[in-house]
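Below, each chain spelled out in residue letters.
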Amino acid sequence: MPHDHHHDHHHGLDPESGDRRVFVAIAVNFLLTFVQIIAGVISGSLALVADAIHNLSDALSLVIAFAARKIARRPADARMTFGYGRAEVVAALINYTVLIVIAFYLAVEGINRLLDPPQVQGWLVVGVAAVALVIDTVTALLIFRMSKDSVNMRAAFLHNLMDALGSVAVIIGGTLILLYDWRLVDPIVTLMIAGYILWHTAREIGPVIRILMLASPGSPTVEEAIAGMEECPDVVEIHHLHLWQMGEHETSLEAHVVLAPGAAAAQVKAALKGLLAERFGIRHSVLEMEGAADRCVDAQPVGHG
């Protein structure tokens, strides 16, 4: 089962070019984080420090994504007979988990600041956040094409996209402090950033967990797969079916197939594999052919129980 599909090829971007883009994004994000933390401490802006911490998570998420891209391209071997493609799914789960932790941390700090709003130097906040917005936007654009075909790069892209939107919120907050001396806006903006991170992460982490848990894909459903296979001539019944995603773009199936008396097993198997590939896009299937004499007793349609 191959797992070294390079989906960047689909959009004309070879893996080496993609790696260079990620490396540049890592460098500028680490630089931005350093500048933001210093400016946040000097200005007393929690929102700016929060944005810096989030930006640090962006840089680290890109490091994880970069490493996962490299690992995922390794071919299958004796230790990893399914290949290393799931490294990118694991990386995505790590990045989303980090986002959740950061969001809760920012929420706690924001609530504390609501109770005791500090003085914030608005001009510095607005200036540094504006620079952050530019860098975050450039970073997001660097990895946007790769995010279309990789859950790993999509997690990193969401880090940067949300950070760019967070910078917009910080700019608005700093402007309101300058105009109206409304110090409460800083912790309020921090809470908004935390809520936004949680909302996006909750939407994206579910599919990642489903892949790691060997869940069936949204399409085809188990019922659709069984019904389609049982339409094939000389197929009496399908049972012990497993349908799962080996990776974001790779669905696999295994099942026991009960044949009609006198059916040619090799021909039925070939017909089923062709049907699965053409109708459902399933190009890796393992089919165990059974006759009336050796069929499983009281077999369930799904699973092996």
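Remember, predicted model here, so these are calculated numbers, not experimental data.

As for the overall build of the protein chain
When helices and strands are tallied, the protein chain shows 8 helices and 3 strands. The N-to-C order of helical and strand elements in the protein chain reads α-α-α-α-α-α-α-β-β-α-β. Against the compact-globule benchmark of 19 Å for 305 residues, the protein chain has a radius of gyration of 25 Å, which places it well outside the compact range. With respect to the principal axes defined by its C-alpha atoms, the protein chain has extents near 85 × 40 × 30 Å. Scored against the burial criterion, the 305 residues of the protein chain give a buried share of 47%. Across the protein chain, every contact between residues at least 6 apart in sequence was considered, and the portion connecting residues at least 24 apart equals 75%. For the protein chain, the accessible surface area stands at approximately 14700 Å², while carbon and sulfur atoms represent 66% of it. Put simply, the protein chain has 20 plus and 31 minus side-chain charges, and the middle of one group is 6 Å from the middle of the other.

A short note on the packing of helix α5 (residues 151-180) against helix α6 (residues 185-212)
Following both chains from N to C, one finds α5 and α6 inclined at 165 degrees, their axes separated by 9 Å at the closest point. Here α6 runs roughly antiparallel to α5, going by the angle between their axes. Our pair here, α5 against α6, has a crossing hand that is right-handed. Residues Val151, Arg154, Leu158, Met162, Leu165, Gly166, Ala169, Val170, Gly173, Leu176 and Ile177 of α5 lie in contact with α6, whose contacting residues are Val185, Asp186, Val189, Ile193, Tyr196, Ile197, His200, Glu204 and Val208. Grouping the amino acids of the contact of α5 with α6 by side-chain chemistry returns 14 nonpolar, 3 polar and 3 charged.

Some remarks on the packing of aromatic side chains
Inspection of every chain in the model, using the stated rule, returns 2 aromatic pairs. Taking the centre distance of 5.6 Å and the plane angle of 55 degrees together, the rings of Phe144 and Phe157 count as tilted. Taken together, the residues Phe144 in helix α4 (residues 122-147) and Phe157 in helix α5 connect sequence positions 13 residues apart. A relative accessible area of 36% means that Phe144 is categorised as partly exposed. Taking relative accessible area as the criterion, Phe157 reaches 13% and is therefore assigned buried. The interplanar angle of 35 degrees and the centroid separation of 5.9 Å between the aromatic rings of Tyr196 and Trp199 together place this pair among those described as tilted. Of this pair, Tyr196 and Trp199 are both found in helix α6, 3 residues apart, which corresponds to roughly one turn of the helix. Given the relative accessible area of 47%, Trp199 is considered partly exposed. One cation-aromatic arrangement involves Arg74 over Tyr84; the distance from NZ or CZ to the ring centre is 5.5 Å. Across the ring face of Trp199, the terminal group of Arg203 is positioned such that the distance to the ring centre comes to 5.0 Å.

Some words on the sheet that holds strand β2 (residues 250-259)
With respect to topology, 3 strands assemble into an open sheet ordered β1-β2-β3, the strand pairing being mixed. A strand with exactly one partner marks an edge of an open sheet, and here the two such strands are β1 (235-247) and β3 (284-290). Put simply, the sheet's adjacent strands are angled 10 degrees from each other on average, direction ignored. Bridge count between β2 and β3: 7 bridges; the pairing is parallel. Pairing of Val258 across the sheet is with Glu290, part of β3. Packing against the sheet, helix α7 (residues 222-230) makes contact with β1, β2 and β3, and its axis sits at approximately 135 degrees to β1.

Side note on the state of the cysteines
All told, the structure shown has 0 disulfides when counted by the stated rule. Between Cys232, a free cysteine, and Cys296, which holds the nearest cysteine sulfur, the sulfur-to-sulfur gap is 19 Å. According to the relative accessible area criterion, Cys296 is partly exposed, its value standing at 24%.

Quick look at the pattern of salt bridges
Within this structure, the stated rule accounts for 4 salt bridges. Taken together, the shared-partner salt bridges in this structure form one network comprising Arg154, Glu204 and Glu248.

Topic: the nonpolar core
Counting residues in each nonpolar core, the largest one holds 25 residues, and the members touching the most others are Ala92, Tyr96, Leu106, Val189, Ile193, Ile197 and Val208. In this structure, Ala92 is in contact with Val151, Asn152, Ala155 and Val208, ignoring residues within four places of it in sequence. Within the second largest apolar cluster, 22 residues are counted, among which are Val222, Ala225, Cys232 and Leu253.

Re the environment of Gly228
Position of Gly228 among the secondary structure elements: in helix α7. Look past the residues within four positions of Gly228 in its chain and what remains in contact with it is Leu275 and Arg279.

Observations concerning the packing of helix α3 (residues 87-115) against α6
At a minimum axis distance of 8 Å, the contact between α3 and α6 shows a crossing angle of 155 degrees. Between α3 and α6, the interaxial angle falls into the category roughly antiparallel. Here the hand of the crossing between α3 and α6 comes out left-handed. In terms of residue class, the contact of α3 with α6 is made up of 25 nonpolar, 4 polar and 3 charged.

What counts, and where the lines are drawn
Residues numbered from 1 in each chain as written. Predicted model: local features only at pLDDT ≥ 70, side-chain atom pairs only at ≥ 80, totals over all residues. Heavy atoms only, no water. Helix = DSSP H or I, 4+ residues; strand = E, 2+ residues; numbered from the N terminus. Rg over C-alpha atoms; globule rule 2.2 N^0.38 Å. Buried < 20%, exposed > 50% of the residue type's maximum accessible area, 1.4 Å probe, protein only. Contact = heavy atoms within 4.5 Å. Areas by Shrake-Rupley, 256 points an atom, 1.4 Å probe, with all protein chains shown as cover. Lys, Arg positive; Asp, Glu negative; His and termini not counted. Charge placed at Lys NZ, Arg CZ, Asp CG, Glu CD. Axes fitted to C-alpha atoms, helices over the stretch in contact; angles between N-to-C directions. Parallel < 35°, antiparallel > 145°, perpendicular 65-115°, else oblique. Left-handed = near helix turned anticlockwise from the far one by under 90°. Nonpolar A, V, L, I, M, F, W, Y, C, P; charged D, E, K, R; others polar. Phe/Tyr/Trp six-rings, centres within 6.5 Å; stacked < 30°, edge-to-face > 60°. Lys NZ or Arg CZ within 6 Å of the ring centre and 35° of its normal. Pairing = 2+ DSSP bridges. Disulfide = S-S within 2.5 Å. Salt bridge = Lys/Arg side-chain N within 4 Å of Asp/Glu carboxyl O. Core = buried A, V, L, I, M, F, W, Y, C linked by side-chain atoms within 4.5 Å.

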